[in-house]
Amino acid sequence: MRSVFGLLTVVIVMGLAYWAYQENIKTQAAIARTEKLQADIGAARSRLSVLRAEWAFLNRPDRLINLSNQYFTQLQLAPLRAENFGEIGQVDFPSDFKFDLRSIDAIEVAERGAQ
């Protein structure tokens, strides 16, 4: 009986050792993947900072003004000014445009939000 318990104990210990070894292998693989992802994130952040710097360089106001002047005949771009905007009364809405606020039940809308 003692030898059976001894053999059973050895088998259990070997099984646990195998399980612990497999978990160690999985943990090391997960750590390696995490390190690679961290390196990829660092590289992406570096590329992103370079792209932001290039975007800021290309969108300098003096450069955009020069490009606008250079390609004015093709693009017809002009700076925005207050006189470029109009009043709502100047907008030509379609003749069949109908919007009546009296058709909206304010109590019904308020009750929907309360639920």
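Residues numbered from 1 in each chain as written. Predicted model: local features only at pLDDT ≥ 70, side-chain atom pairs only at ≥ 80, totals over all residues. Heavy atoms only, no water.

A. The packing of aromatic side chains, seen in detail. By the definition in use, this model includes zero aromatic pairs. Positioned above the aromatic ring of phenylalanine 57 is the side chain of arginine 60, whose terminal nitrogen or guanidinium carbon lies 4.3 Å from the ring centre. (Phe/Tyr/Trp six-rings, centres within 6.5 Å; stacked < 30°, edge-to-face > 60°. Lys NZ or Arg CZ within 6 Å of the ring centre and 35° of its normal.)

B. Local environment of the pattern of salt bridges. In the structure shown here, the tally under the stated rule is three salt bridges. Salt-bridge contacts for glutamate 23 lead to lysine 26; the nearest nitrogen and oxygen are separated by 3.6 Å. Residue glutamate 23 and its partner lysine 26 are located together in helix α1 (residues 2-58), separated by three residues, close to a single helical turn. Owing to a relative accessible area of 52%, lysine 26 belongs among the exposed residues under this scheme. (Salt bridge = Lys/Arg side-chain N within 4 Å of Asp/Glu carboxyl O. Helix = DSSP H or I, 4+ residues; strand = E, 2+ residues; numbered from the N terminus. Buried < 20%, exposed > 50% of the residue type's maximum accessible area, 1.4 Å probe, protein only.)

C. View of a nonpolar patch on the surface. A cluster of nonpolar side chains, namely Met1, Phe5, Leu8, Ile12, Leu16 and Trp19, defines an oily patch on the protein surface of about 710 Å² accessible area. Residue position: methionine 1 is located in the segment before α1. On the basis of relative accessibility, which here comes to 70%, the residue methionine 1 falls in the exposed class. (Patch = residues over 30% accessible without salt bridge, like charges linked within 9 Å, V, L, I, M, F, W, Y side chains within 5 Å. Areas by Shrake-Rupley, 256 points an atom, 1.4 Å probe, with all protein chains shown as cover.)

Coordinates in, geometry out; function isn't part of it.
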